[in-house]
Amino acid sequence: MKRQNDKKHNPWLALTIGNSRLHWAKFSGAKLVEAWDTEHLGAGDERLASGEWKKLPLYIASVIPSETLFWQNFPNVKIVNRDQIPLKGIYSSLGIDRALAVLGGGVTSGWPILVIDGGTALTLTGADEQRQLIGGAIFPGLKLQIKSLAQGTAALPEIPLPDRLPDRWALDTKSAIQSGIIYTVLSGIANYMQAWWREFPQGQVVLTGGDRTLLFNYLETLFPDLAKKTKVDPNLIFWGIRNLVITH
Ligand SMILES: Nc1ncnc2c1ncn2[C@@H]1O[C@H](COP(=O)(O)OP(=O)(O)O)[C@@H](O)[C@H]1O
Ligand SMILES: CC(C)(COP(=O)(O)O)[C@@H](O)C(=O)NCCC(=O)O
Ligand SMILES: [K+]
């Protein structure tokens, strides 16, 4: 991939296409100026569709091939691929978002690094000090779990999640769904974290993705000792892209 020179403070854009929405960032050289999210479909981001932004280099990392095709038509687009990621042991179907988030977490927080991405899917992805992929796990994200219960049953409504940890023992349907999803997800995440720190006592753990704040709030209440060692960073994928784009 053609790198640009950091010192020039050249403006450029990054777009990561997730399964729920689009995530955008505007950089000036190595500096992230602004990050925002937009919905799928339509013309995408209005700022890009008109004016001088259209001419900026736009680096795209997508987990949805059909959406990549749409954005490819923009004038100065560069698609980020798995084979550009400086990590060892990447498997051929690994999500580009996971690879970039681990790279971005490692270069900003240090290695070994475990990234927990609370996105459409909830993913865990680890890499060691040699930047070798350790592996990870994929399961349905918080919203997807709620949706799947509502879609697959007659009586269960699609409910919102509370900002803070709810009671474990619920006495109404809404609270029962909240409890079931939150307590099982958090126990699962805690179990992976404990296994991670047994293997890599000096390892980093960073939470990212749209549900990062909710997950961290729940974690703080349920597993405060684990929360103390856990960072939260919404921009891991952008740090990964920056690492590919900027010459140091
Ligand atoms: N405006 C929003 N639209 C969609 N999801 C949102 C929004 N705000 C918060 N979320 C939460 O973010 C999660 C999706 O995370 P995100 O990182 O945006 O997904 P992806 O990268 O897979 O598109 C959902 O589980 C949902 O609970
Ligand atoms: C697991 C994912 C669906 C997560 O996507 P997201 O929740 O960020 O939209 C995506 O990283 C993906 O399609 N991965 C391919 C399979 C893998 O990583 O093994
Ligand atoms: K994601």
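Sequence order sets the numbering: in each chain, residues are counted from 1 along the sequence as written. Lettering for chains starts from A, numbering for ligands starts from 1, and both go in the order in which the items are written. Predicted model: local features are reported for residues with pLDDT of at least 70 only, side-chain atom pairs are reported and counted for 80 or more only, and whole-chain, interface and lining totals are derived from all residues. Only hydrogens and water are set aside; all other atoms, that is, all heavy atoms of the structure, feed into the side-chain values.

Under an unreviewed UniProt entry, the name given to the chain is Type III pantothenate kinase, and the organism recorded is Floridaenema fluviatile BLCC-F154. For the chain, the Function (unreviewed entry) comment in UniProt is given as "Catalyzes the phosphorylation of pantothenate (Pan), the first step in CoA biosynthesis." Quoted verbatim from the Sequence similarities (unreviewed entry) field of UniProt, the annotation for the chain is "Belongs to the type III pantothenate kinase family." UniProt positions are given in the numbering used here, feature names are shortened, and annotations may be inferred rather than shown by experiment.

K.L.:
Honestly, unusual backbone geometry in this entry has me stumped. Any pointers?
P.N.:
Leaving glycine out, the prevailing phi sign among residues is negative, and the prevailing peptide bond configuration is trans. Of the consecutive residues Trp111 and Pro112, the connecting peptide bond is found in the cis state with omega at -10 degrees. Think of it this way: any DSSP run of H or I at least four residues long counts as a helix, any run of E at least two long counts as a strand, and we number them from the N terminus. Mapped onto the elements of the fold, Pro112 is located in the loop between α3 (96-109) and β7 (113-118). You will see that Arg131, though not glycine, has its phi angle at about 60 degrees, which is positive. Looking at the secondary structure, you find Arg131 in the loop between β8 (121-127) and β9 (133-140). Each residue gets one of three labels from its accessible area relative to the maximum for its type: buried under 20%, exposed over 50%, partly exposed in between, using a 1.4 Å probe on protein chains only. By relative accessible area, which is 31% here, Arg131 ends up partly exposed.

K.L.:
I would appreciate a short explanation of the site of ligand 2 in the present structure.
P.N.:
Only heavy atoms are used to decide nearness, and a residue is near a molecule or strand if one of them lies within 4 Å of it. Lining the immediate surroundings of ligand 2 are 14 residues, of which Tyr91, Gly95, Asp97, Arg98 and Ala121 lie closest. Any N or O atom pair separated by 3.5 Å or less is treated as a polar contact, with the protein-specific requirement of one donor-capable and one acceptor-capable atom, and with residues adjacent in sequence counted only for side-chain atom pairs. Residue Tyr91 places a side-chain N or O atom 2.4 Å away from an oxygen atom belonging to ligand 2. Take Ala121: an N or O atom from its main chain is 2.8 Å from an oxygen atom of ligand 2. Accessibility throughout is a Shrake-Rupley quantity obtained with a 1.4 Å probe, and a residue counts as covered only by protein chains that appear here. Here ligand 2, which alone exposes 470 Å², has 79% of that area covered by the protein. Secondary-structure elements contributing two or more residues to the shell around ligand 2 are α3 and β8. Ten residues, namely Ala, Val, Leu, Ile, Met, Phe, Trp, Tyr, Cys and Pro, are considered nonpolar, four, namely Asp, Glu, Lys and Arg, are considered charged, and the remaining ones, Gly among them, are considered polar. Looking at the shell around ligand 2, its residues break down into 5 nonpolar, 7 polar and 2 charged.

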